[in-house]
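These are the residues of each chain, in order.
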Amino acid sequence: MGNCCSDVAGGQSAVGGTGGFHNNQSGAAANDAIDFFLKSRGYRGLFSQIELSLSAANLRDRDAFFKSDPIAVVYAKGRDGKLEELGRTEVILNSLDPVWIAKHTVTYHFEIVQPLLFRVYDVDTQFHNVPVKMIKLDEQQFLGEVTCALSEIVTKPTQSLTLKLVRGEESTQSNHLQKLGELTIRAEECIGSKTMTEIILRCSDLEYKDLFSKSDPFLVISKTVENGTPIPVCKTEVKKNDLNPTWKPVFLNIQQDTPLTIECFNFNSNGRHDLLGQIQKSLLDLEKLQNEQGENLFLPTVVGQGHHNKILKSRLYVDKFSESVQHTFLDYISGGCELNFMVAVDFTASNGNPRLPDSLHYIDPSGRPNAYQRAILDVGEVLQCYDSDKRFPSWGFGARPIDGPVSHCFNLNGSSYHSEVDGIQGIMMAYTGALHNVSFAGPTLFGPVINTASVIASQALANNQHKYFVLLIITDGVITDLQETIDALVKASDLPLSILIVGVGGADFKEMEVLDADKGERLESSSGRIASRDIVQFVPLRDVQSGEISVVHALLAELPTQFLTYMRSRDIHPQQPRTSQNCI
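Residues numbered from 1 in each chain as written. Predicted model: local features only at pLDDT ≥ 70, side-chain atom pairs only at ≥ 80, totals over all residues. Heavy atoms only, no water.

An unreviewed UniProt entry lists the protein chain under the name C2 calcium-dependent membrane targeting, with Macleaya cordata given as the organism. Here the protein chain is described in UniProt, under the heading Subcellular location (unreviewed entry), as follows: "Cell membrane". (UniProt positions renumbered as here; feature names shortened; annotations may be inferred.)

This is the structure in structure tokens:
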């Protein structure tokens, strides 16, 4: 999705550097002035583009003397049920087994479920010479439709899904009696290049711009598109008070001959950053500069009616230039790697009596989900698509099960032997049952749950299973075992595991944010060991209840990056690497 990143979290803290492959997430310390500055120049989030190809087999013949003339129409389905047409294929004449050439590009978002609807029509002869966009669909013979989520397609080993056509949702009772044929949807990730280039850049003799100190430089790298417009694709961290800075590595996955503009700015907190100089090079040019004497920056100036480049004494150097093939998140998923969902629910007394409406665990007779149910449903809806058996370990903590002591990790389903339940509804049923079978207690401890999840992840790793685990912890309070939790997280950072924490209620969660290493400082255990990577994402539910951003989006946005960081740090490759085509 993204085309520039740095694996070094500290390298993004000052200016909100693009920290991950496949999403354009900045850390919590991202500088708003820089973000506004880049957006004003055309910088937008980058996402993975998926190209869909369609074919059908054994369609119904609705013509009297010839076979049907089918067309397929693709729709996106909103949460409110409204349909947005994404595109139409061409009309294939006289065919019950059409293979359409027209492709349809959709933007894949990992963190949301994207329902799609595909409808097939037999186009009447009088419309054969009409542009497909002008064909009135309500005047054509309806041959059938299929629905699926985009994630259902991209998670298949072949990235291909075949579904039986049906008459529509309104006639599902008779659908099994009809044989309307099948529709096959194939997905292909559109990637310009999988060659990732790592570059370390430095400058010398930069100009003084600040009155009482040296300049605070950072770089912005832009690519030039066909109309000549520069689009920022990468930015470095700010180097404070430094006229000879060396920045942390940046990573690019653009074509070698793409024209690049590298601009060096002096950071100003008001967002009006001073241009210290720039240079225009391609990746190939930058490779030639490696370990050379560098090249002078210039400032574009206007002289009379013309433009002139003022050559500066400041120089840009390339200290490192290396290339490697980088697989994408979807390469791993389609290669058989699964995301296994796990849940841990806080049953401490601070949640209130679940029988009373002011409790965070209160079950509303109207069916409206409480905060715990909402988090389970919303996150589970997304992650279940990436888990083949849909059996989810589920625990509770901070309560006293029947005839037992207070437990900080007990099976939500009440079993003494196994923690797994079937599907999201299984979690919901186990949760509701636990409310009637445990006594709320305390304190709030995360360590035991994290350690239990870590054991499952380590067992899968030892058995060479291609699995990555995602633990959702939902809590109403500040943890009382902060150091023990940090120790557990540092240990877990070496495992295929990410931890999502949702804070519900009105507690002060400021201390909890220590666990979420978005500010670039990795966690340190009591023994002095540093976490190998950031595996935690914390979101207070009250911060996202305005409806402008969902809990799922806030929680899951960093997950593909954490996943890829783990895979790449261990040099793990997809089981079935595939070749992605370029999309024009």
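This is not the end of the story, as more comes after the structure.
Engineer: Outline the sheet that holds strand 5 (residues 104–108), supporting the account with residue identities and numerical values.
Structural biologist: One open sheet accounts for four strands, arranged 5-2-9-8; its pairing is antiparallel. Looking at which strands have only one partner, the edges of the open sheet turn out to be strand 5 and strand 8 (160–164). Strand-to-strand, the axes of this sheet are offset by a mean angle of 30°, without reference to chain direction. Pairing of strand 2 (residues 48–57) with strand 9 (residues 182–190) involves nine bridges; the strand directions are antiparallel. Pairing of isoleucine 50 across the sheet is with glutamate 189, part of strand 9. (Pairing = 2+ DSSP bridges. Helix = DSSP H or I, 4+ residues; strand = E, 2+ residues; numbered from the N terminus. Axes fitted to C-alpha atoms, helices over the stretch in contact; angles between N-to-C directions.)

Engineer: Account for the confidence of the model for the protein chain, with residues named and values stated.
Structural biologist: With 84% of its residues at a pLDDT of at least 70, the protein chain reaches an overall mean of 83. The low-confidence segment residues 1–46 (pLDDT under 50) makes 132 contacts with residues lying over four places distant or belonging to another chain. With pLDDT under 50 throughout, residues 577–584 is counted as low confidence; its partners more than four residues away or in other chains account for 22 contacts. (pLDDT = per-residue confidence, 0-100. Contact = heavy atoms within 4.5 Å.)

Engineer: Just give me the short version of the packing of helix 8 (residues 447–462) against helix 9 (residues 482–492), but keep the residues and values in it.
Structural biologist: One way to put it is that helix 8 packs onto helix 9 with a least axis distance of 9 Å and a crossing angle of 15°. By the angle class used here, helix 8 and helix 9 are roughly parallel. Regarding helix 8 and helix 9, the two cross each other, and that crossing is left-handed. Taken together, the residues of helix 9 that come into contact with helix 8 (itself represented by Gly447, Ile450, Asn451 and Ser454) are Thr485, Ala488, Leu489 and Ala492. (Parallel < 35°, antiparallel > 145°, perpendicular 65-115°, else oblique. Left-handed = near helix turned anticlockwise from the far one by under 90°.)

Engineer: Please give an account of the sheet that holds strand 3 (residues 70–77) that cites residues and values.
Structural biologist: An order of 4-3-6-7 is seen for the four strands of this open sheet, with the pairing classed as antiparallel. Every other strand in the sheet has two partners, leaving strand 4 (83–88) and strand 7 (141–149) as the edge strands with one partner each. Averaged over all pairs of adjacent strands, the angle between strand axes in this sheet comes to 25°, irrespective of strand direction. As paired strands, strand 6 (residues 115–122) and strand 7 are joined by eight bridges and run antiparallel to one another. The partner of arginine 119 across the bridge, within strand 7, is glutamate 145.

Engineer: How would you sum up the state of the cysteines? Please name residues and give values.
Structural biologist: With the rule as written, the count across this model stands at zero disulfides. Summary of cysteine pairing: cysteine 264 is not part of a disulfide, and the nearest cysteine sulfur, belonging to cysteine 203, is at 4.7 Å. A residue is classified by how much of its surface remains accessible, and cysteine 264, at 1% relative accessible area, is buried. (Disulfide = S-S within 2.5 Å. Buried < 20%, exposed > 50% of the residue type's maximum accessible area, 1.4 Å probe, protein only.)

Engineer: Would you mind going over the environment of glutamate 152 in detail, with residue names and values included?
Structural biologist: With respect to the helices and strands, the residue glutamate 152 is situated in helix 2 (residues 150–154). Residue glutamate 152 is classed as partly exposed on the basis of its relative accessible area, which comes to 35%. C-alpha separation for the pair glutamate 152 and cysteine 385, spaced 233 residues apart in sequence, amounts to 6.5 Å.

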